[in-house]
Amino acid sequence: MILKATEENIKKAAEVIRKGGLVAFPTETVYGLGADALNKEAVAKIFEVKQRPLIDPVIVHISKFEDLEKLAYPTELAYKLAKAFWPGPLTMVLPKKEVVPSIVTAGLDFVAIRMPAHPVALKLIEESKTFIAAPSANLFSKLSPTRAEHVYEQLGDKVDIILDGGKCDVGVESTIIDLTTEPPTILRLGGLDVEAIEKVIGEVKITKENKKIKAPGMLKKHYSPTTPLKIMKEPKPIPNLRCGLLAFKEPREGFEVVEILSRKGDLREAAANLYDSLHRLDKQNLDIIIAEAVPEVGLGRAIMDRLRKAQGL
Ligand code: TXA
Ligand code: MG
């Protein structure tokens, strides 16, 4: 059931969380599928509904800075990053405390924590008087949702309440940084650019594979639409195929459907529109989606990472 994210409905949703149910909610990055992080049966429902393998850990969402120490052992760099970027699109991996059930971390001794910058998410966490474990609210390996309707299309009534807070501003998932390595490692490029992080804590490593999760190559194809997708520097339609175009700045001739990420060529705006445009293209019964490559700087790196995973190569 989709409910508008009014104060009353957020309270209702918080009650669902407290009772061990599932609530999908907006964050500034993408919609999350939330459950009480301290209730392992509730967290198990997330995996079931998403059809997600249990070896893939979930992020715990908090609403107050003090919560960080309740769940993990923060390092000095963690405090620096929290001060600079929370609430916001940054997730930190830290050694976990006993209270975090092992289903949340897929048995790892580390937990991923984030304070989202969305008033509805913050209010929901606060009202539920717990912490909320939440992956993106899509089926495993499919496109992440940036609107309440996207959640409903994939998960339907398997979620108790879907709180509708409109379209997500950032539009790609949070950047994940592992602070248990020296130097810290970026495990996933996302809504906060690496350049900004390096200004605060100095140089970081970027990894293509999340070594903490013992499933090498598992996530080669991820974030993907049902329609095949191909990245091109100079997009051209493929003869005899119904081709859709995901363009960066401007349309091109010969495509059945065209989505433009940012007419101004702004990478932040492009990231915010990425999943939304892919969801629309995916509904057009196309044979293939041609995605134009974007410059790999700032948020362009996160966009190209998602496009490569959608392409599956
Ligand atoms: O923006 C976001 O991060 C969204 C919103 C809802 O907050 N969440 C999200 O969650 O994208 P999810 O589950 O779709 O992706 C989180 C990824 C997992 O696939 C896993 O690779 C990594 O975070 N992760 C979670 N816990 C981890 C841990 N303890 N150690 C290493 N990686 C972890
Ligand atoms: Mg996800």
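Cut-off values and rules
- Residues numbered from 1 in each chain as written.
- Chains lettered and ligands numbered in written order.
- Predicted model: local features only at pLDDT ≥ 70, side-chain atom pairs only at ≥ 80, totals over all residues.
- Heavy atoms only, no water.
- pLDDT = per-residue confidence, 0-100.
- Core = buried A, V, L, I, M, F, W, Y, C linked by side-chain atoms within 4.5 Å.
- Buried < 20%, exposed > 50% of the residue type's maximum accessible area, 1.4 Å probe, protein only.
- Near = heavy atom within 4 Å.
- Polar contact = N/O pair within 3.5 Å; in protein donor to acceptor, adjacent residues only side chain to side chain.
- Areas by Shrake-Rupley, 256 points an atom, 1.4 Å probe, with all protein chains shown as cover.
- Helix = DSSP H or I, 4+ residues; strand = E, 2+ residues; numbered from the N terminus.
- Phe/Tyr/Trp six-rings, centres within 6.5 Å; stacked < 30°, edge-to-face > 60°.
- Lys NZ or Arg CZ within 6 Å of the ring centre and 35° of its normal.
- Domains from an automatic or database assignment.
- Contact = heavy atoms within 4.5 Å.
- Buried area = accessible area lost by both parts, 1.4 Å probe.
- Salt bridge = Lys/Arg side-chain N within 4 Å of Asp/Glu carboxyl O.
- Pairing = 2+ DSSP bridges.
- Axes fitted to C-alpha atoms, helices over the stretch in contact; angles between N-to-C directions.
- Parallel < 35°, antiparallel > 145°, perpendicular 65-115°, else oblique.
- Left-handed = near helix turned anticlockwise from the far one by under 90°.
- Nonpolar A, V, L, I, M, F, W, Y, C, P; charged D, E, K, R; others polar.
- UniProt positions renumbered as here; feature names shortened; annotations may be inferred.

Caption draft 1: Looking closely at the confidence of the model for the chain. The share of residues in the chain with pLDDT of 70 or more is 96%, and the mean pLDDT across the chain is 94. This prediction of the complex comes with two scores: 0.91 for pTM and 0.99 for ipTM.

Caption draft 2: Layout of the nonpolar core. Formed by 52 residues in total, the largest nonpolar core has its most connected members in L81, W86, L90, M92, I177 and I197. In terms of nonpolar packing, the next biggest core, distinct from the first, is built from 27 residues, Y223, L229, I231 and A310 among them.

Caption draft 3: Region of interest: the site of ligand 1. Taken together, 25 residues lie near ligand 1, and T29, R52, H61, S174 and R188 sit nearest. A distance of 2.9 Å separates an oxygen atom of ligand 1 from a polar atom in the side chain of S136. Relative to its free-state accessible area of 680 Å², ligand 1 is covered by the protein chains to the extent of 96%. Per element, the largest residue contribution to the shell around ligand 1 is 4 residues, and it comes from strand β6 (residues 110-114).

Caption draft 4: Inspection of the packing of aromatic side chains at higher detail. In total, this model carries 0 aromatic pairs according to the counting rule given. When the ring centre of Y73 is taken as origin, the NZ or CZ atom of K97, which lies over that ring, is 4.9 Å away.

Caption draft 5: How the structure looks around the domain arrangement of the chain. Each assigned domain of the chain is listed here: domain 1 (2-206) and domain 2 (229-310). Spacing between the C-alpha centres of domain 1 and domain 2 amounts to 27 Å. Domain 1 puts 25 residues into the contact, and the matching count from domain 2 is 18 residues. For the pair domain 1 and domain 2, the summed buried surface comes to about 1700 Å²; carbon and sulfur atoms form 52% of the total. It is L143, V172 and L189 that lose the most area in domain 1 upon contact with domain 2, and together they represent 32% of the buried surface on that side. The interface formed by domain 1 and domain 2 contains 6 salt bridges. Viewed at the interface, domain 2 and domain 1 are joined by 11 residue pairs in polar contact (both at pLDDT 80 or more). Residue assignment for the side of domain 1 that touches domain 2 shows that the elements contributing at least two residues are α7 (148-155) and α8 (194-201). Ranked by residue count, the leading element in the side of domain 1 that touches domain 2 is α7, at 3 residues.

Caption draft 6: Here's a closer look at the sheet that holds strand β5 (residues 90-95). With respect to topology, 11 strands assemble into an open sheet ordered β1-β8-β2-β3-β7-β4-β6-β5-β9-β10-β11, the strand pairing being mixed. Edge positions in the sheet fall to β1 (2-4) and β11 (205-206), since each of these pairs with one other strand and no more. Pairing of β5 with strand β9 (residues 175-178) involves 4 bridges; the strand directions are parallel. Counted as the bridge partner of L90 is T175 from β9. Contacts from helix α4 (residues 76-85) reach β5 and β9, with the element oriented near 160 degrees to β5. Each of β5, β9, β10 (185-188) and β11 touches α8; the most contacted strand, β9, lies at about 35 degrees to it.

Caption draft 7: Representation of the environment of K205. Structurally, K205 can be placed in strand β11. Owing to a relative accessible area of 41%, K205 belongs among the partly exposed residues under this scheme. Sequence separation between K205 and P184 is 21 residues; the distance between their C-alpha atoms is 6.3 Å. Aside from chain neighbours lying at most four places away, what touches K205 is P183, P184, T185 and I186.

Caption draft 8: Seen up close, the packing of helix α9 (residues 267-282) against helix α10 (residues 299-311). For the pair α9 and α10, interaxial distance at closest approach is 8 Å and the crossing angle is 30 degrees. What the angle tells us is that α9 and α10 run roughly parallel. In this structure, α9 crosses over α10, and the sense of that crossing is left-handed. Contacts between α9 and α10 pair L267, R268, A270, A271, L274 and Y275 from the former with L299, G300, I303, R306 and L307 from the latter. Along the lines of polarity and charge, the residues of the contact of α9 with α10 split into 8 nonpolar, 1 polar and 2 charged.

Caption draft 9: Region of the structure containing the UniProt feature "binding site: L-threonine" (unreviewed entry) in the chain. Per the UniProt record, "binding site: L-threonine" (unreviewed entry) is annotated on T29, H61, R114, A134 and S174. In three dimensions, the annotated residues from a span of 146 residues occupy one location, with a maximal C-alpha spread of 12.7 Å. Relative to the helices and strands, R114 resides in strand β6. The exposure class of R114 is buried, given its relative accessible area of 2%. Of note is the side chain of R114, whose polar atom sits 3.0 Å from the side chain of T27. Within the fold, A134 resides in the loop between β7 (132-133) and α7. With residues near it in sequence (within four places) discarded, A134 still touches F25, G32, L33, G34, I59 and H61.

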